[in-house]
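# Summary of structural features
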Amino acid sequence: MINYTERITQLMHDVVTRIPALSFIDLREVLVFARHGRADAEGAFATCHCLTLPETEPGYYFWKDRQTGELTRRSEWFVTKTPEVRLGATRVKYLISFVLPRFCQQNLSRSWKSELYDDAEPWVAKLDTIVHELYHIDPLATGIRQFAADGARSTRTHAPEFYDNVAAMTRSYLRSRPDPEMLAFLQLDFAQLQSRYGGVVATTFRNFPSFPQRYMAPCETLSANEPEGVKIEPLKPFTQPPVYTERDLIVRRFTGRAALRQTA
Ligand SMILES: [Zn+2]
C-alpha cells in the first residue's frame with residue numbers, strides 16, 4: 001500500500017532543497033497528516049496549522065438579558081492554548097493536513113488555478129497545493145504567513161500575490177528537473193492509487209477525526225475570586241491531550257468513504 005503522507009513528506013524535502021525561498025523551512029518541525037473528506041463535497045484540499053501561537057489573555061463568555069441588558073451569566077475565566085506536539089526531542093511547529101480522497105482528485109483543468117499555468121499537466125494542481133501549504137510557514141516564525149486578500153479574487157482567501165508566488169515556485173521546481181519517481185504518485189487519482197498500490201494509508205492522530213487544535217483551559221487564579229451574584233457556567237471539559245507525541249500518531253487506511261485503523 002502507498003503511504004500518502006510519507007510520499008508528500010519526501011516530496012516536501014525535495015521542494016525545500018530546490019526552492020531557495022522555502023529553504024529556511026526545517027521539515028523536522030513540520031508534521032504531515034491526513035484528514036478525511038469526500039471529493040464531491042466542498043472544502044479545503046489541505047491546511048497549514050500553526051502550533052506556535054501564544055496563549056491568549058484570560059477572557060470569558062457572557063450572556064445578557066435581552067430586555068434589560070443585564071449580565072445574567074458568564075463562563076468561568078479561560079485562556080486559549082495551543083497543544084504541543086513533540087516527536088522525540090523535537091517540538092513540531094507546524095502541522096500540514098491533506099484531505100483524502102479530495103486532494104487526490106485535484107486537477108488543473110477543473111480549477112481556477114489553470115489561469116496560473118499555461119499548459120501544465122493536470123496533476124500539477126496537487127504540487128501547487130503542496131507548495132502553497134509550505135509557503136504558509138512564516139520565515140519570522142510568528143504564525144501563518146498571510147497576504148491579506150484585497151478582494152480581487154473575492155471567493156478566495158488570499159491575495160493574488162500569494163497564488164502568483166506559489167505558481168512561480170511550483171514552475172521553478174518543475175524546471176529544476178526533479179526525479180520523476182518523486183512526483184509519480186501525484187499523477188494518479190484516488191481510484192488509480194488504490195488499484196496500483198492495493199490501498200492508501202496515511203498518518204493520522206489517535207483521536208481521529210480530531211487532531212491538535214487550540215483549546216480553552218480554565219484560568220484557576222481568576223476563577224477563585226469571582227464576584228457574587230452572577231451565575232458562572234463551567235467550561236466544557238476539554239477532551240484533547242495538551243501534549244501529543246509519536247505515540248499519538250496512527251496510520252489509517254483511507255478507503256474513500258472512511259479511514260480505518262490498521263492493525264499491525
Ligand atoms: Zn492557504
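Located above this text is the structure these notes cover.
Let me sum up the structure you'll find in this document.

Conventions adopted
Residues numbered from 1 in each chain as written. Predicted model: local features only at pLDDT ≥ 70, side-chain atom pairs only at ≥ 80, totals over all residues. Heavy atoms only, no water. Helix = DSSP H or I, 4+ residues; strand = E, 2+ residues; numbered from the N terminus. Buried < 20%, exposed > 50% of the residue type's maximum accessible area, 1.4 Å probe, protein only. Areas by Shrake-Rupley, 256 points an atom, 1.4 Å probe, with all protein chains shown as cover. Lys, Arg positive; Asp, Glu negative; His and termini not counted. Charge placed at Lys NZ, Arg CZ, Asp CG, Glu CD. Donors = N, O, S within 2.8 Å, 3.2 Å for Na, K, Ca; no water. Pairing = 2+ DSSP bridges. Axes fitted to C-alpha atoms, helices over the stretch in contact; angles between N-to-C directions. Contact = heavy atoms within 4.5 Å. Expected span 1.5 Å × (residues − 1). Core = buried A, V, L, I, M, F, W, Y, C linked by side-chain atoms within 4.5 Å.

Looking now at the overall build of the protein chain. In terms of regular secondary structure, the protein chain is built from six helices and 15 strands. Here the C-alpha coordinates of the protein chain stretch approximately 70 × 50 × 35 Å along the principal axes. Classification of the 264 residues of the protein chain by burial places 43% in the buried group. Surface summary for the protein chain: the accessible area is close to 14600 Å², and the carbon and sulfur share equals 50%. Between the mean site of the 33 positive side-chain charges and the mean site of the 31 negative ones, the protein chain shows a separation of 5 Å.

Before going further, it helps to examine the coordination of the zinc ion. Coordination of the zinc ion by the protein involves His-132 (NE2), His-136 (NE2) and His-158 (NE2), with metal-donor separations of 2.1 Å. Between consecutive donor residues of the zinc ion, the sequence gaps follow H-x3-H-x21-H. In this pair, His-132 sits in helix 2 (residues 124-135) while His-158 sits in the loop between helix 2 and helix 3 (160-175), placing the two residues 26 residues apart along the sequence. Residue classification places His-132 among the buried positions, given a relative accessible area of 10%. When its relative accessible area of 10% is taken as the criterion, His-158 is described as buried.

Taking strand neighbours across the sheet as the criterion, the three strands line up as 2-9-3 in an open arrangement whose pairing is mixed. Two strands bound the open sheet, and with one partner strand each, they are strand 2 (30-37) and strand 3 (46-50). Averaged over all adjacent pairs, the angle separating strand axes in this sheet is 25°, with direction ignored. The pairing of strand 2 with strand 9 (residues 94-101) spans eight bridges and is classified as parallel. Bridge pairing in strand 9 links Ala-34 to Phe-98. This element, helix 2, spans strand 3 and strand 9 of the sheet and lies at about 15° to strand 3.

To continue, consider helix 2. Compared with an ideal rise of 1.5 Å per residue, which puts 12 residues at 16 Å, helix 2 spans 16 Å between its outermost C-alpha atoms and is within 8% of the ideal. Among the 12 residues of helix 2, 12 are classified as buried, and the element is accordingly described as predominantly covered. If you follow the buried residues of helix 2, they end up packed against helix 1 (4-18), strand 3, strand 9, helix 3 and helix 4 (180-183).

Our next topic: the nonpolar core. Of all hydrophobic cores here, the largest spans 51 residues; its most connected members are Tyr-4, Leu-22, Leu-134 and Leu-186. Elements that contribute at least two residues to this core include exactly helix 1, strand 2, strand 3, strand 9, helix 2, helix 3, helix 5 (190-197) and strand 10 (200-205). For this core, the element with the most residues is helix 2, which contributes seven residues. Membership of the second largest hydrophobic core comes to nine residues, among which are Leu-31, Val-85, Phe-211 and Tyr-244.

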